[in-house]
Amino acid sequence: MQLVLGIIRWLNIGTVTAACLVILLMMMHITLDVGVRFFFNGQIVGTLEWVSFYYMVALVFLALGYVEYKNENIRVDLFAQMMPKSVQLGLYVFACILGLIFFGMLFWQSLLDAIRATQRAEEAMSNFRFLIWPARWALPIGFAGALLAVLANLLRAISRRQAL
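All of the points below concern the structure found in this document. Since we're looking at a predicted model, the values are computed, not measured.

Here we take up the overall build of the protein. When you go through the protein residue by residue, the secondary structure sums to 5 helices and 2 strands. When the elements of the protein are put in sequence order from the N terminus, they spell out α-α-α-α-β-β-α. Each of the three principal axes of the protein carries a C-alpha extent, and together these read 65 × 35 × 30 Å. When the 164 residues of the protein are sorted by exposure, 33% land in the buried category. Residue pairs at least 24 apart in sequence account for 73% of intrachain contacts in the protein once pairs closer than 6 positions are excluded. On the protein, roughly 10,600 Å² of surface is accessible, and the fraction owed to carbon and sulfur atoms is 71%. Placing the 12 positive and 8 negative side-chain charges of the protein at their respective mean positions leaves the two points 12 Å apart.

Here it is in structure tokens:
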């Protein structure tokens with residue numbers, strides 16, 4: 001089981017590293033665009049499209065699994081904290097099962113959407129040809145990471161016999 005947990009951990013570290021690289025790329029792109037506007041009274045064509053369709057999408061969805069793996073999502077567990085440990089574990093296992101179903105459905109649907117968008121070579125309306133189908137792949141990758149993270153947290157909770 002430790003091997004599975006390690007693989008899931010490293011996959012999510014890989015996706016969050018990609019998200020960090022994307023944010024660095026986005027900062028450089030925007031800084032360069034601002035510099036061109038300020039110093040040369042020009043613009044880098046497509047900055048808004050790149051930020052909206054690529055950088056922000058990748059940033060949000062690629063980091064999703066790592067955030068879930070580290071249990072850093074927002075939680076409201078005020079009443080659960082007052083319950084006995086066995087009830088807390090039962091509620092946590094139930095929530096993880098719901099999370100597996102939820103992220104599994106999101107993964108599957110976003111995968112189908114990404115495949116369709118790739119087949120159609122989906123593009124956004126703009127003054128130039130701007131393909132957006134590659135950005136569609138960030139969603140199934142992110143949801144797969146979240147799905148695996150929920151599975152890892154479920155396995156850890158069961159093996160420890162304690163809610164995370």
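There's more to say after this.
Taking 1.5 Å of rise per residue, the 36 residues of helix α4 (residues 85-120) would be expected to cover 52 Å, and the 51 Å separating its terminal C-alpha atoms lies within 8% of that figure. Those residues of α4 lying buried are Gln88, Leu89, Tyr92, Cys96, Gly99, Phe103, Ser110, Leu111, Ala114 and Ala117. Close packing links the buried residues of α4 with α3 (64-69) and α5 (138-160). Two residues or fewer after α4 comes alanine 121, characterised by a positive phi angle close to 55°.

You can see arginine 156 is positioned in helix α5. No salt bridge is formed by the buried arginine 156, whose closest oppositely charged neighbour, glutamate 68, lies at an N-O distance of 7.9 Å. One polar contact links the side chain of arginine 156 to the main-chain carbonyl oxygen of tyrosine 69, over a distance of 3.2 Å. Contacts of arginine 156, omitting those with residues within four sequence positions, involve Leu5, Tyr69, Asn71 and Leu164.

Summarising the element assignment, threonine 118 is placed in helix α4. Separated by 19 residues in sequence, threonine 118 and tryptophan 137 have C-alpha atoms that sit 9.0 Å apart. Leaving out residues up to four positions away in the same chain, threonine 118 has contacts with Trp133 and Trp137.

A few words now on the layout of surface pockets. Estimated volume of the largest pocket: approximately 680 Å³. As for the largest pocket, its lining consists of 22 residues, of which Arg75, Asp77, Leu91, Tyr92 and Ala95 are closest to the centre. If you tally residues by element for the lining of the largest pocket, the top one is α4, at 9 residues. Looking at the lining of the largest pocket, its residues break down into 11 nonpolar, 6 polar and 5 charged.

Quick look at the side chain of histidine 29 now. By secondary structure assignment, the location of histidine 29 is in helix α1 (residues 2-40). Judged by its relative accessible area of 16%, histidine 29 falls in the buried class. Polar side-chain contacts of histidine 29 include one of 3.1 Å to the side chain of threonine 47. Residues within four places of histidine 29 in sequence aside, it is in contact with Ile44, Thr47, Trp50 and Tyr55.

The end-to-end C-alpha distance of α1, which contains 39 residues, comes to 56 Å, matching closely the 57 Å that a straight helix rising 1.5 Å per residue would cover. Considered for burial, the residues of α1 that qualify are Leu5, Ile8, Asn12, Ile13, Thr15, Val16, Ala19, Val22, Met26, His29 and Asp33. Where α1 is buried, its residues touch α2 (47-62), α3 and α5. One or two residues past the end of α1 sits asparagine 41, with phi positive at roughly 55°.

Our focus in this paragraph is the packing of α1 against α5. Put simply, α1 and α5 touch, their axes get as near as 10 Å, and they point 145° apart. The element α1 and its partner α5 pack so that their crossing is left-handed. On α5, the residues that touch Leu5, Ile8, Leu11, Asn12 and Thr15 of α1 are Ile141, Gly145, Leu148, Ala149, Ala152, Leu155 and Arg156. In terms of residue class, the contact of α1 with α5 is made up of 8 nonpolar, 3 polar and 1 charged.

What counts and how
Residues numbered from 1 in each chain as written. Predicted model: local features only at pLDDT ≥ 70, side-chain atom pairs only at ≥ 80, totals over all residues. Heavy atoms only, no water. Helix = DSSP H or I, 4+ residues; strand = E, 2+ residues; numbered from the N terminus. Buried < 20%, exposed > 50% of the residue type's maximum accessible area, 1.4 Å probe, protein only. Contact = heavy atoms within 4.5 Å. Areas by Shrake-Rupley, 256 points an atom, 1.4 Å probe, with all protein chains shown as cover. Lys, Arg positive; Asp, Glu negative; His and termini not counted. Charge placed at Lys NZ, Arg CZ, Asp CG, Glu CD. Expected span 1.5 Å × (residues − 1). Salt bridge = Lys/Arg side-chain N within 4 Å of Asp/Glu carboxyl O. Polar contact = N/O pair within 3.5 Å; in protein donor to acceptor, adjacent residues only side chain to side chain. 1 Å grid on protein atoms, 1.4 Å probe; cavity = no way out; pocket = protein on both sides within 12 Å on 5 of 7 lines; lining within 4 Å. Points joined across faces, edges and corners; volume = space filled by probe spheres on them. Nonpolar A, V, L, I, M, F, W, Y, C, P; charged D, E, K, R; others polar. Axes fitted to C-alpha atoms, helices over the stretch in contact; angles between N-to-C directions. Left-handed = near helix turned anticlockwise from the far one by under 90°.

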